[in-house]
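Residues per chain are reported as follows:
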Amino acid sequence: MEDDKPMRLILIEDDIAACRVFTDRAGGRTDVAFVGVTGRSDEGLEYVKDKLPEAVILDLELNWGSGSGLDFLEALQKTELSVRPIVVVTTRNRSELMQEHLYSYGVEWVFCKKQAGYSPEMVLNHLVKLRPYLSARQVGLSPELRTLETPEELRIRITQRIDAELNAIGISPRFKGRELLQEAILLLIGKEKKEFDTVFYDLSVKHKTHYNNIVRNIQAAIQSAWQNNDLDTLELLYTAPVRRDIGAPTPTEFTHYYANKIRRSI
């Protein structure tokens, strides 16, 4: 991610006047841009999944919208995402207990709308300051929950995480290579480093096909993402170098990158 690109934001706010002020202020800047605005907590979650914002500005009450800020935070916590956005909350609620509750959900900052000097500009300025330190963080289970997982639950969680990564990078399930990528990454996560080079061979034996067919299908799926999706988004999600001669990662580079990335977060 390059800091000279606008910070991608989602606004979940039910007050139309407040929404207008936020978007007007952002429209006059080059360091932030709203990619979604809604007064519904459920729609806000869909925006996060689809638009991959770096940050969410969340109104806590949503009295004139649908749901609440807490509904959004609870749903976000249960959702597998490749990139977790910064979340800041705006509210008229001054309760310290409520603030502690919000921070337990991973909220980075709570802005009280009644505080002196509060303004949408203040919120935007604060997010820009947070950006270099807190954007693009990974979502995972807490250590306490990990200790309670069975091996099958762990496998399911890792598979869901792989799916979330492949969805975010834009690899469609219609490609045969999508399924093979999922299998390859899952195998790599469970292997020792010295066994890494056997993964595509293992898949060829499993699917009773030639090694080259496995590699060809996987490469086609990867190249489809780099040919059909926004380069800025791809660079945000896939931070390893990309070979210029083919314009996309190789199957080995891609699967090793995601296996290592996911392994570090589980």
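Here goes a summary of the coordinates provided. (Residues numbered from 1 in each chain as written. Predicted model: local features only at pLDDT ≥ 70, side-chain atom pairs only at ≥ 80, totals over all residues. Heavy atoms only, no water.)

### Quick word on the nonpolar core
Then, number 1: Counting residues in hydrophobic clusters, the biggest one holds 32 residues, and the most contacted among them are Ile 169, Ile 171, Leu 181, Trp 226 and Phe 254.
Then, number 2: Mapped by element, the contributors of at least two residues to this core are helix H7 (151-169), helix H8 (176-189), helix H9 (199-207), helix H10 (211-228), helix H11 (231-237) and helix H12 (251-265).
Then, number 3: Contact partners of Leu 181, with chain neighbours within four places excluded, come to Leu 166, Ile 171, Ile 218, Ala 221, Ile 222, Phe 254 and Thr 255.
Then, number 4: Formed by 19 residues, the second largest nonpolar core is a distinct cluster that contains Phe 72, Leu 81, Val 89 and Tyr 105. (Core = buried A, V, L, I, M, F, W, Y, C linked by side-chain atoms within 4.5 Å. Buried < 20%, exposed > 50% of the residue type's maximum accessible area, 1.4 Å probe, protein only. Helix = DSSP H or I, 4+ residues; strand = E, 2+ residues; numbered from the N terminus. Contact = heavy atoms within 4.5 Å.)

### Notes on the sheet that holds strand S2 (residues 32-38)
Then, number 1: Taking strand neighbours across the sheet as the criterion, the 5 strands line up as S2-S1-S3-S4-S5 in an open arrangement whose pairing is parallel. The open sheet has two edge strands with one neighbour each: S2 and strand S5 (109-112). Between one strand axis and the next, the sheet turns by 20° as a mean value, whatever way the strands run.
Then, number 2: Where strand S1 (residues 7-12) and S2 come together, 6 bridges link them in parallel fashion. In the sheet register, Leu 11 faces S2, and the bridge partner there is Val 37. (Pairing = 2+ DSSP bridges. Axes fitted to C-alpha atoms, helices over the stretch in contact; angles between N-to-C directions.)

### Structural notes on the packing of helix H3 (residues 69-77) against helix H4 (residues 96-104)
Then, number 1: Where H3 contacts H4, the two axes come as close as 10 Å, and the packing angle between them is 25°. Taken together, the axes of H3 and H4 lie roughly parallel to each other. The two elements H3 and H4 cross, and the hand of that crossing is left-handed. For the pair H3 and H4, the contacting residues are Leu 70, Leu 73 and Gln 77 in the first and Met 98, His 101, Leu 102 and Ser 104 in the second.
Then, number 2: Along the lines of polarity and charge, the residues of the contact of H3 with H4 split into 4 nonpolar, 3 polar and no charged. (Parallel < 35°, antiparallel > 145°, perpendicular 65-115°, else oblique. Left-handed = near helix turned anticlockwise from the far one by under 90°. Nonpolar A, V, L, I, M, F, W, Y, C, P; charged D, E, K, R; others polar.)

### Quick word on the pairing of S1
Then, number 1: Most of S1 sits out of view: 5 of its 6 residues are buried.
Then, number 2: For the crossover that starts at S1, traverses helix H1 (residues 16-27) and ends in the parallel S2, the hand is right-handed.
Then, number 3: In this structure, S1 lies alongside strand S3 (residues 55-59), joined through 4 bridges in parallel fashion. Residue Leu 11 lies in a different strand from S3, and its bridge partner there is Ile 57. (Right-handed = clockwise from strand over helix to strand, strands pointing away.)

### Brief notes about H1
Then, number 1: Along its 12 residues, H1 runs 16 Å from first to last C-alpha, staying within 8% of the 16 Å computed at 1.5 Å per residue.
Then, number 2: Residues Ala 18, Cys 19, Phe 22 and Ala 26 constitute the buried set of H1. Seen end-on, H1 carries its buried residues on one side only, within an arc spanning 105°. Facing away from the buried surface of H1 by more than 90 degrees, the exposed residues are Ile 16 and Gly 27. (Expected span 1.5 Å × (residues − 1). Arc of directions from axis to C-beta.)

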